[in-house]
Structure formats: structure tokens, C-alpha cells
Amino acid sequence: GFTLVELLVVIFVLSIAGLSILYIFTNSLRGSNKAQILSSIKKNGQAVLEPIDKEVRSSDNVICPPLSSSSAASSTGLVIEKEGKYTRFRFVAATSTINGTITKDNPTRGISESIGSFINRVCNTQDPQSSPLTLSDTNVQTGVSIQNGLFIRNKSSGFKDTVTIKFQVTYPVGVFPALVGQIDPVDFATTVQLR
């Protein structure tokens, strides 16, 4: 037979071994989740940047952000025009329950709307988008959140406009709380000159 002390020693040793295995297992799951989130961040950042780059590069004109007396202007919205069709991109801020995103739509000018009032309307970040297309993964558990988005328009005499696109991509708002402090936002930026 076994004495009570021997049984308690065996139970203690088995519990220490079980806790060690559980700790190793949870850390490997966290590492896997972290790698998956970082991969998703990089993939979504490129997936957002490439179509904007392509559309801006092939556009005829930049409407917004409007230039003032200076040679640069910035905004959370960008409107470009190509062959009379307008495309608008807008950064939408994150909330506690919704990821930050970037959306795209194609605003149209009303029949009686002057070109000046149309430009003022579409350049206003409060103007609602019509049927916006979201360019990033908005799932609050597995998607990403886009933050600090900015479009900067530069104009140099004798050259076509250039547009700098800057934003950060980070973990989604519903990420596992233990990962929140472990994942830094990834910066994405490019400068595009109209052709």
C-alpha cells in the first residue's frame, strides 16, 4: 500500500506537470494567434494600398483634398476623376465595436447641381457615401482595423499632382485581450503621381 504522504507527493508532482503542460500549450496558441494576426495585417494593408495606388495613378485629376494657397493639402478623404467619373476613398475611424476601415464609392453629380457645389459636397467628409465598398476585412475577431489614415495632395509647378497615402493597420477590436499589448500597428505609405 501507499501512505497518505506518498499519495500527496504524487498528486503534487502530477499537478505541477499538468500546469506546466497547460502553460506551454496556451503560449503556443497565443504565438500562433499573434502570427496569424500579423499575417492578416500585412495582407490587408497591401490589399488596401494596391487598388488605391492603381486608381490614383491612372486618374485624370485629383478633386479632394482641395488645394489652398499652399502647395499641399491633407484629408481623410480622397476624390479622383477619370473621364468624367468620380471615385471617392474615405478612412472611417474605429469605434469600440467596429474596426476602422477604408471605403470606396462612386459619387454622381445631380442634374441641377453645379460643379462647384458637387465638389464641395463630395469633399465634405460628412457627406454620406452611396453604396460604399469596404476595402479591408472588417471581421471584429479575424479582420484588421485601419487607423490614422490620411491622404496628402502635393502640387509642384510644371508637374502633375502627387498623392501620398498613409495609414496604420492593427489588430481588430475583438482580438483576444492577452494579445492587445503584443502587436504593434504596421505603417503603410506610398506616394503616387498622376500619369
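Residues numbered from 1 in each chain as written. Predicted model: local features only at pLDDT ≥ 70, side-chain atom pairs only at ≥ 80, totals over all residues. Heavy atoms only, no water.

Caption draft 1: Unusual backbone geometry, seen in detail. With an omega of 5°, the peptide bond between Cys 64 and Pro 65 qualifies as cis. Its place among the elements puts Pro 65 in the loop between strand S1 (61-64) and strand S2 (72-75). Of note, Glu 83 is a non-glycine position whose phi angle comes to about 50°, a positive value. Its location among the elements puts Glu 83 in the loop between strand S3 (77-82) and strand S4 (85-92). (Helix = DSSP H or I, 4+ residues; strand = E, 2+ residues; numbered from the N terminus.)

Caption draft 2: Local environment of the environment of Val 175. Position of Val 175 among the secondary structure elements: in the loop between strand S8 (162-170) and strand S9 (186-193). When the C-alpha positions of Val 175 and Ile 11 are compared, they lie 36 Å apart, and in sequence the two are 164 residues distant. Those residues in contact with Val 175 that sit more than four places away from it in its chain are Ile 37, Val 140 and Val 180. (Contact = heavy atoms within 4.5 Å.)

Caption draft 3: Spotlight on the nonpolar core. Of all hydrophobic cores here, the largest spans 26 residues; its most connected members are Ile 52, Ile 102, Ile 165 and Phe 167. At the level of secondary structure, the elements contributing two or more residues to this core comprise helix H1 (4-57), S3, S4, strand S7 (145-154), S8 and S9. Looking at this core, the element that brings in the most residues is H1, giving 6 residues. With near-sequence residues (within four places) excluded, Ile 165 lies in contact with Leu 49, Ile 52, Phe 91, Leu 150, Phe 151, Phe 188, Ala 189, Thr 190 and Val 192. Ile 63, Val 79, Tyr 86 and Val 122 belong to the second-largest nonpolar core, a separate cluster that totals 6 residues. (Core = buried A, V, L, I, M, F, W, Y, C linked by side-chain atoms within 4.5 Å. Buried < 20%, exposed > 50% of the residue type's maximum accessible area, 1.4 Å probe, protein only.)

Caption draft 4: Fine view of the packing of aromatic side chains. Applying the stated rule across the entire model yields 4 aromatic pairs. A centroid spacing of 5.9 Å and a plane angle of 45° characterise the contact between Phe 91 and Phe 167, whose relative ring orientation is tilted. In this pair, Phe 91 is assigned in strand S4 and Phe 167 in strand S8, connecting sequence segments 76 residues apart. Ring centres of Phe 167 and Phe 188 lie 5.6 Å apart, and the angle between their planes is 15°; this geometry places the pair in the stacked category. Here Phe 167 is found in strand S8, whereas its partner Phe 188 is found in strand S9, with 21 residues between them in sequence. In this structure an aromatic cluster arises from ring pairing among Phe 91, Phe 151, Phe 167 and Phe 188. (Phe/Tyr/Trp six-rings, centres within 6.5 Å; stacked < 30°, edge-to-face > 60°.)

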